[in-house]
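A closer look at the structure
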Amino acid sequence: QIMNAAGTASGAIAFTSSAGGVDINGGTGVTVDGPVVTIDASGASGIGLTAATGDVTLTTTDAAKKVILNTGTAAIFSHTSDANDEDFTIEQVGAVDASLILSSAGTGVDAIAISASAGGIDITATGTADGEDLDITAVGTTTEIRLTSASEQVDAINLESSAGGVYIESAG
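As a starting point, this report considers the structure included with it.

Rules used throughout
Residues numbered from 1 in each chain as written. Predicted model: local features only at pLDDT ≥ 70, side-chain atom pairs only at ≥ 80, totals over all residues. Heavy atoms only, no water. Helix = DSSP H or I, 4+ residues; strand = E, 2+ residues; numbered from the N terminus. Rg over C-alpha atoms; globule rule 2.2 N^0.38 Å. Buried < 20%, exposed > 50% of the residue type's maximum accessible area, 1.4 Å probe, protein only. Phe/Tyr/Trp six-rings, centres within 6.5 Å; stacked < 30°, edge-to-face > 60°. Contact = heavy atoms within 4.5 Å. Polar contact = N/O pair within 3.5 Å; in protein donor to acceptor, adjacent residues only side chain to side chain. Patch = residues over 30% accessible without salt bridge, like charges linked within 9 Å, V, L, I, M, F, W, Y side chains within 5 Å. Areas by Shrake-Rupley, 256 points an atom, 1.4 Å probe, with all protein chains shown as cover. Salt bridge = Lys/Arg side-chain N within 4 Å of Asp/Glu carboxyl O. Lys, Arg positive; Asp, Glu negative; His and termini not counted. Charge placed at Lys NZ, Arg CZ, Asp CG, Glu CD.

1. Side note on the overall build of the protein
Of regular secondary structure, the protein possesses 0 helices and 0 strands. The C-alpha atoms of the protein give 25 Å as radius of gyration, which overshoots the globular expectation for 172 residues (16 Å, by more than 25%). Taken over the C-alpha atoms alone, the protein extends approximately 75 × 35 × 35 Å along its principal axes. Expressed as a percentage of its 172 residues, the buried residues of the protein come to 0%.

2. Thoughts on the packing of aromatic side chains
Counted by the stated rule, this structure contains 1 aromatic pair. Look at phenylalanine 77 and phenylalanine 88: their rings are 6.3 Å apart centre to centre, the planes differ by 45°, and that puts the pair in the tilted class. By relative accessible area, phenylalanine 88 is classed as partly exposed at 44%.

3. Here we look at the environment of asparagine 4
Note on asparagine 4: relative accessible area 32%, which makes it partly exposed. Setting aside chain neighbours within four positions, we find asparagine 4 in contact with Ala12 and Ile13. A polar atom in the side chain of asparagine 4 sits 3.1 Å from the backbone oxygen of alanine 12.

4. Description of a negative patch on the surface
A cluster of acidic side chains, namely Asp82, Asp85, Glu86 and Asp87, defines a negative patch on the protein surface. You can call aspartate 85 exposed: its relative accessible area is 72%.

5. What to know about the pattern of salt bridges
The final tally for this structure, using the stated rule, is 1 salt bridge. Residues arginine 146 and glutamate 144 are paired through a salt bridge, measuring 3.5 Å at the closest nitrogen-oxygen approach. A residue is classified by how much of its surface remains accessible, and arginine 146, at 66% relative accessible area, is exposed. When its relative accessible area of 47% is taken as the criterion, glutamate 144 is described as partly exposed.

In structure tokens:
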């Protein structure tokens, strides 16, 4: 056990290696606990987190707290695949009234962009109750909804209903 009961500075206990690395190995686990925990990696490889058999869990114990990436600069959350079926999934689990919300306060024309550079894009709503629809709404008085296709096929834009009708209305 290493303890400093008198020091109050941020480096009251320091582990320093001037040439090699520092390894901390716990037989049943390692706990790092404090009012603020900072991990700073200045090398090109950054920080690697690996869980050999379990998940990597980021938890905030207070409701509505955030996991924040790169305040004040652009950020990328990235996954690289090198074989088929290595999908990248962002999911909301739990069959309760909870939602996956993508939100942007950006003011650019691409405040939210969904793009596929080679494949298609599928949007599916499997709701069976009234109101569980797929809604696309533009609320600004100069905001339009545009469906555009560069396809040369006869069904380049296809509006289809397998059981009900197709209703198009204009108030202008």
